[in-house]
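# Chain and residue survey
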Amino acid sequence: GQSLEQPSEVTAVEGAIVQINCTYQTSGFYGLSWYQQHDGGAPTFLSYNALDGLEETGRFSSFLSRSDSYGYLLLQELQMKDSASYFCAHPGGFKTIFGAGTRLFVKA
Amino acid sequence: DVKVTQSSRYLVKRTGEKVFLECVQDMDHENMFWYRQDPGLGLRLIYFSYDVKMKEKGDIPEGYSVSREKKERFSLILESASTNQTSMYLCASSSSRWSGNTIYFGEGSWLTVV
């Protein structure tokens, strides 16, 4: 079967750097995506890694290692508004599978 | 911007009622999805559709059916609502033209079955 594992919660301080890890087990591999969801809102796309390495988009970066079946989302210069749930996802053709989500708490 | 619109934000239904959740997207996307989101379980795929009148079961299709008569509209149907179907339901769409398959979500429909 397919599964993506990520920690349920992470807490960090405003201004700090935080890393949210995701390990996956999939049949076939089409890359790793990340989504952000604020309370009461819709998940929104953050990034996608098809190949190994780091992709940077402003304060957010995402990393993938296909040999380790592992990826992470890195958030720098944390702000209070970054408090949200973050999901890794495997965009497997029509059927995108999501991890259970990591709840990030940013403290002042 | 892509817009996925779900017709109802909050619904309260009685056990045994037939429930329709409607979803419309405005980006001419081929693929449409219905997910269910529950605390600690993430997003679980109920059904998806890759073309008009085509549908495929996701991971938790039991108790649900779907309809896609037009490309822009995808409906989720609970034939006989039960209390264990109380949840948030997310509709989504994506294009087949990009391998990353970015999913665009609606704002969600909170369904309570009493």
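Refer to the preceding data block for the structure.
Below is a summary of the structure that appears in this document. Since the model is a prediction, treat every value here as computed from it, not as a measurement. (Residues numbered from 1 in each chain as written. Chains lettered and ligands numbered in written order. Predicted model: local features only at pLDDT ≥ 70, side-chain atom pairs only at ≥ 80, totals over all residues. Heavy atoms only, no water.)

### What to know about the pairing of strand β5 (residues 31-38) of chain B
Residues and elements named next belong to chain B. A large share of β5 lies buried, amounting to 8 of its 8 residues. Burial along β5 is two-sided: Asn31, Phe33, Tyr35 and Gln37 and Met32, Trp34, Arg36 and Asp38, pointing in opposite directions, are all buried. In this sheet, strand β10 (residues 87-94) lies alongside β5 in antiparallel orientation, the contact comprising 7 bridges. Paired with Trp34 across the strands is Cys91, a residue of β10. Looking at chain direction, β5 and strand β6 (residues 42-49) are connected through 7 bridges and run antiparallel. Looking across to β6, one finds that Met32 is bridged to Ser49. (Buried < 20%, exposed > 50% of the residue type's maximum accessible area, 1.4 Å probe, protein only. Helix = DSSP H or I, 4+ residues; strand = E, 2+ residues; numbered from the N terminus. Pairing = 2+ DSSP bridges.)

### Quick notes on the side chain of Gln6 of chain B
Residue and element names in this part refer to chain B. Tracing the backbone shows Gln6 in strand β1 (residues 4-6). A polar atom in the side chain of Gln6 sits 3.0 Å from the backbone oxygen of Tyr89. Not counting chain neighbours up to four residues away, the residues in contact with Gln6 comprise Glu22, Cys23, Trp34, Tyr89, Leu90, Cys91, Gly106, Glu107, Gly108 and Ser109. (Polar contact = N/O pair within 3.5 Å; in protein donor to acceptor, adjacent residues only side chain to side chain. Contact = heavy atoms within 4.5 Å.)

### Details of the pattern of salt bridges
Per the stated rule, a full pass over the model turns up 8 salt bridges over all chains. In this structure, the salt-bridge partner of Arg103 of chain A is Asp39 of chain A, at a minimum N-O distance of 2.9 Å. Highlighted residues: Arg103 of chain A in strand β11 (residues 102-107) and Asp39 of chain A in the loop between β4 (32-37) and β5 (44-49), separated in sequence by 64 residues. What makes Arg103 of chain A partly exposed here is its relative accessible area of 27%. Across the salt bridge formed by Lys18 of chain B and Glu79 of chain B, the nearest N and O atoms sit 3.5 Å from each other. Residue Lys18 of chain B is located in the loop between β2 (10-13) and β3 (19-21), and its partner Glu79 of chain B is located in the loop between β9 (73-78) and β10; the two are separated by 61 residues in the primary sequence. Take Lys18 of chain B: its relative accessible area is 43%, and that puts it in the partly exposed class. A network of salt bridges, in which partner residues are shared, links Arg36, Asp38 and Arg44 of chain B. (Salt bridge = Lys/Arg side-chain N within 4 Å of Asp/Glu carboxyl O.)

### A closer look at the pairing of strand β2 (residues 9-13) of chain A
Regular strands place side chains that alternate from one sheet face to the opposite one. Residue and element names in this part refer to chain A. Of the two faces of β2, the one lined by Val10 and Ala12 is fully buried and the one lined by Glu9, Thr11 and Val13 carries no buried residue. By the bridge criterion, 5 bridges tie β2 to β11 in an arrangement that is parallel. By the bridge assignment, Val10 is partnered in β11 with Leu104.

### Here we look at the state of the cysteines
One pass over the full model with this rule turns up 2 disulfides over all chains. At a sulfur-sulfur separation of 2.1 Å, the disulfide partner of Cys22 of chain A is Cys88 of chain A. Here Cys22 of chain A and Cys88 of chain A share a disulfide; its torsion about the S-S bond, 75°, makes the bridge right-handed. Of this pair, Cys22 of chain A sits in strand β3 (residues 18-25) while Cys88 of chain A sits in strand β9 (residues 84-92), and the two are 66 residues apart along the sequence. A relative accessible area of 0% means that Cys22 of chain A is categorised as buried. Residue class for Cys88 of chain A comes out buried when judged on its relative accessible area of 0%. Cys23 of chain B shares a disulfide with Cys91 of chain B; S-S distance 1.9 Å. Around the S-S axis, the bridge from Cys23 of chain B to Cys91 of chain B shows a dihedral of about -80° and counts as left-handed. Of this pair, Cys23 of chain B sits in strand β4 (residues 23-25) while Cys91 of chain B sits in strand β10; the two residues are 68 residues apart in sequence, bridging distant segments of the chain. Like Cys23 of chain B, the residue Cys91 of chain B is buried in the burial classification. (Disulfide = S-S within 2.5 Å.)

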